[in-house]
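Working through the structure, step by step
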Amino acid sequence: MGPIPSWFARVLYYICRNVTINFGVQVLRVRSCVAGSHAAQVLKDGDLVLAVNSQPVTSYGHVESIVAACSLAAQLSPHQPGQPPVPDTDSNAASTMLAELQCGKCNNSQPAEGKMEQLYGAGDLSSTSQQQGHSPMLIKAARPASSELGCSAPLVESQQNAAAMPRVSVTICRGSAVEEVEVQLGSEDGLGTCRLIHWCGAMFQAPHRPVRELGFAPEQAGVYVSRWHHGSPAHRYSLYALHWLTELNGQPVPDLDTFVAMIRSLPDKSFARLKLCQLETTKTKVLSIKLDLRYWPTCELRLDPVSATWTRSVLSSQATHSCL
């Protein structure tokens, strides 16, 4: 029968031992992976998740507890050169919390975040972890101290941030074989979109997480069209939402900063050639659009995560006070 029945026997045994747990039990299946993440490189749609770090998992709560324990263990481990040391505060309590998280006791009493709050105190969990130079998963992100911190970071930046995160071993059933793969954890700031560029009546931004969760992203996936306005040049020249902007006038557009630098040099009434990739069909198309900076000026909206206020600034020099 091979190794598959033995693994499923372990999962069924685990279910029978935990029938009193107040959440559902089932076998987890990979539905999709976030585009640009490490999981998208090693996992496939349809994979059955049998265990994480050699511990059988039958619910999302199991996975959250194991990941939280892995993040906590990374914090408690001796610091690496170039990283700030972890303060030695109540190491016995930390070891106890880690043991409870690893054995899944936090599922029965309180969530993993509650355990983390007991360990670090009632203050802001993520601010403590940020002071220690870590960004553990499953801990709510605090408001950054500066509005310059990124929101909806591009895929390349997200991959660089994830490089410092720990890895977990995932046992999966793929086809007729049981495999074990290592998945590197990722980090999310939880702030969402905090920067928008209005150009030619269309709204450009970094692709937010719901878009990346669909599992597809082109090679240049740093600028995403999320909205357009009726009567604008975008409407007139068929620049609609649900598209990635991959090239502008033949030049690649990897992120919003590059996009802003390109459009600043475009004069009013000039034409620009755009190469787009559609979200649903993944097909590419090329179109030209004529700028109308008098009635549709280029503007930037930024969110200050500290004060939770948006700031609007005009980027195009052709804009007049009457159209603002």
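So, here is what we can say about the structure in this document.

Parameters and conventions
Residues numbered from 1 in each chain as written. Predicted model: local features only at pLDDT ≥ 70, side-chain atom pairs only at ≥ 80, totals over all residues. Heavy atoms only, no water. Phe/Tyr/Trp six-rings, centres within 6.5 Å; stacked < 30°, edge-to-face > 60°. Buried < 20%, exposed > 50% of the residue type's maximum accessible area, 1.4 Å probe, protein only. Helix = DSSP H or I, 4+ residues; strand = E, 2+ residues; numbered from the N terminus. Arc of directions from axis to C-beta. Contact = heavy atoms within 4.5 Å. Polar contact = N/O pair within 3.5 Å; in protein donor to acceptor, adjacent residues only side chain to side chain. Salt bridge = Lys/Arg side-chain N within 4 Å of Asp/Glu carboxyl O.

Let us now look at the packing of aromatic side chains. Two measures describe an aromatic ring pair: the distance that separates the ring centres and the angle between the ring planes. The tally for this structure, following the rule as stated, stands at seven aromatic pairs. For the ring pair Trp199 and Phe204, a centre distance of 5.9 Å and an interplane angle of 55° mean the geometry is tilted. The class of Trp199 is buried, set by a relative accessible area of 0%. With relative accessibility at 0%, the residue Phe204 sits in the buried group. Pairwise contacts between aromatic rings join Trp199, Phe204 and Phe259 into one cluster.

All right, on to helix α11 (residues 256-264) then. Those residues of α11 lying buried are Leu256, Phe259, Val260, Met262 and Ile263. End-on, the buried residues of α11 take up no more than an arc of 165°, which puts them together on one face. In α11, the exposed positions that point more than 90 degrees away from the buried face belong to Ala261 and Arg264. Check the buried side of α11 and you find it contacts β6 (195-199), β7 (202-205), β9 (243-248) and β10 (251-252). If you check the start of α11, you find a side-chain oxygen 3.4 Å away from the backbone N of Asp257, and it comes from Asp255.

Along the chain, Gly215 turns up in the loop between α9 (209-212) and β8 (224-228). Given the relative accessible area of 40%, Gly215 is considered partly exposed. A sequence separation of 170 residues divides Gly215 from Asp45, and the C-alpha atoms of the two residues are 9.8 Å apart. For Gly215, the contacting residues outside a window of four places in its chain are Cys33 and Ala35.

Right, let's talk about the environment of Gly46 for a bit. The topology assignment puts Gly46 in the loop between α2 (39-42) and β2 (48-52). Along the primary structure Gly46 and Arg29 are separated by 17 residues, whereas in three dimensions their C-alpha atoms are 5.9 Å apart. For Gly46, the residues in contact, after removing those within four places along its chain, are Arg29, Val30 and Cys173.

Right, let's get into the pattern of salt bridges. Close approach of charged atoms allows side chains of opposite charge to pair. Within the structure shown, the criterion is met by eight salt bridges. In this structure, Asp257 engages Arg195 in a salt bridge whose closest nitrogen and oxygen atoms are separated by 2.7 Å. With Asp257 in helix α11 and Arg195 in strand β6, this residue pair connects regions lying 62 residues apart in the sequence. Among the residues examined, Arg195 registers a relative accessible area of 15% and is labelled buried. Two residues, Glu300 and Arg302, come together in a salt bridge whose shortest N-O distance is 3.1 Å. When salt bridges with common partners are traced through the structure, they connect Arg195, Asp257, Glu300 and Arg302 into a single cluster.

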